[in-house]
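# Geometric and topological summary
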Amino acid sequence: MTKAVAVSGAFDDLRSAQVRFLQEAARLGPVQVLLWSDEQVQAHAGRPPKFPAGERRYLLEALRYVDRVTVPAAGFDPDTLPEAERPAAGWWAVGEAEDSPGKRAFAAAHGLEYRVVRSGELRGFPAGPPQAVGPLSGGPQRKVILTGCFDWFHSGHVRFFEEASAFGDLYVVVGHDANVRLLKGLGHPLFPQEERRYLVQAVRHVRQALVSSGAGWLDAEPEIQALRPEIYIVNEDGDKPEKRAYCEANGIEYVVLMRKPKEGLPCRQSTDLRGY
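Along each chain, residues carry numbers from 1 onward, in the same order as the chain's sequence is written. With the structure being a predicted model, the display of local features is reserved for residues of pLDDT at least 70 and the display and counting of side-chain atom pairs for 80 or more, all residues being used for whole-chain, interface and lining totals. Side-chain metrics rest on all non-hydrogen atoms present in the structure, leaving aside hydrogens and water.

### Notes on helix H3 (residues 53-61)
Each turn of an α-helix holds 3.6 residues, which means side chains three or four residues apart point in the same direction. Test applied: Relative accessibility thresholds used throughout: buried, under 20% of the residue-type maximum; exposed, over 50%; partly exposed, between the two (1.4 Å probe, protein chains only). Helix and strand definitions follow DSSP, with helices as H or I runs of at least four residues and strands as E runs of at least two, each counted in order from the N terminus. Contacts are assigned to residue pairs that have any heavy atoms within 4.5 Å of one another.
Of the positions making up H3, those classed as buried are Ala 53, Glu 55, Arg 56, Tyr 58, Leu 59 and Leu 60. On its buried face, H3 sits against helix H1 (16-26), strand S2 (31-35), helix H2 (38-45), strand S3 (68-70) and helix H5 (155-165).

### Remarks on the sheet that holds strand S8 (residues 208-211)
Adjacent strands of a sheet form backbone hydrogen bonds with each other and so pair up, either parallel or antiparallel. For the record, the criterion: Think of it this way: DSSP has to see at least two bridges between two strands before they count as a pair. Structural elements are reduced to axes, namely lines fitted to C-alpha atoms, with helices fitted over the stretch in contact, and the angle between N-to-C directions of any two is expressed from 0 to 180 degrees.
In spatial order, the strands read S8-S7-S6-S9-S10; together these 5 strands make up an open sheet with parallel pairing. The outermost strands of the open sheet, each flanked by one partner alone, are S8 and strand S10 (253-257). Adjacent strand axes in the sheet meet at a mean angle of 25°, parallel and antiparallel pairs treated alike. Two strands pair when backbone bridges link them, and strand S6 (residues 143-148) and strand S9 (residues 231-235) are joined in this way by 3 bridges, in the parallel orientation. By the bridge assignment for S9, Leu 146 is matched with Ile 233. Lying over the sheet, helix H7 (residues 193-201) contacts strand S7 (169-174) and S8, oriented at roughly 165° with respect to S8.

### Some words on the side chain of His 154
The criterion, for reference: Under this definition, polar contacts are N or O atom pairs within 3.5 Å; protein pairs additionally need one hydrogen-donor-capable and one acceptor-capable atom, and for neighbouring residues in sequence, both atoms have to be side-chain atoms.
Mapped onto the elements of the fold, His 154 is located in the loop between S6 and H5. Among the residues examined, His 154 registers a relative accessible area of 4% and is labelled buried. Among the polar contacts listed, one links the side chain of His 154 to the backbone nitrogen of Gly 156, at a separation of 2.9 Å.

### Observations regarding the layout of surface pockets
For clarity, the cut-off: The pocket and cavity definitions rest on a 1 Å grid over protein atoms only: a 1.4 Å probe that fits but cannot leave marks a cavity, an open set with protein on both sides within 12 Å along at least five of seven lines marks a pocket, and residues lining either have an atom within 4 Å of a point. Grid points are joined across faces, edges and corners, and a volume is the space filled by probe spheres set on the points. Polar here means any residue other than Ala, Val, Leu, Ile, Met, Phe, Trp, Tyr, Cys and Pro, which are nonpolar, and Asp, Glu, Lys and Arg, which are charged; Gly is therefore polar.
For the largest pocket, the calculated volume is near 840 Å³. For the largest pocket, the lining is made up of 41 residues, of which Gly 148, Cys 149, Phe 150, Lys 184 and Asp 237 are closest to its centre. Those elements that place two or more of their residues in the lining of the largest pocket are S6, H5, S7, helix H6 (177-184), S9 and helix H10 (270-273). Sorting elements by how many residues they give to the lining of the largest pocket places H5 first, with 5 residues. In terms of residue class, the lining of the largest pocket is made up of 15 nonpolar, 14 polar and 12 charged. Elements supplying a minimum of two residues to the lining of the second largest pocket: strand S1 (4-9), H1, H2 and strand S4 (89-95). If you tally residues by element for the lining of the second largest pocket, the top one is S4, at 4 residues. Here the lining of the second largest pocket is composed, by residue class, of 15 nonpolar, 6 polar and 6 charged.

Here it is, written out as structure tokens:
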């Protein structure tokens, strides 16, 4: 029987290094994240979290490397795991910067195997094959494509992918660096194309993430020609005449989704998060 893997932390302002850590932890077994509450982040860091616990939880639960997320009601010593979470966990995985004698002693005292994920193990952004996103219902799924920059990964991106995936198997084409710079100007993108592709691919609603190879608002045309999707989905910001005309000419259904956050969460945009 595969042992569960306990992981604990704030996971505030989720970035690629934290996702890579979760990916490495998932090699040991199903990952159970003990997410710090807003009050615990305040007590430990001396400041409130940048993002509330509900939003942090939503992001973590969307990752294909995470099996379960719990937010313990009471605060706990970061060098321990709450008693209620210990029986389910056979491993305790920590990042190199979070390793401590206290954690090692606690793991040994409670029969937990202890794994330190070294910083060197987190280099690079593995591509991997297309991922299954759940059982097919009623035969083969329709192919769905959406495109964008997806700079500064946030809950609005996840919600967009979640809604789009309801139309079929979702393929996401991430704009390459030179084209993002062409469309948005100097200072863009904030994160390189392979890092942005990796974060999109990590979302369980996405079957495959690719980097575009064309130019302009239709920079994903080569990828669209190769994938041959039935549906092209955009949000209000991404709705462009060039895309509409292309879809009409090629017999692709064109769907515009309203930009709406997940219920109970704030509206997020990458532009607003610059320097957040």
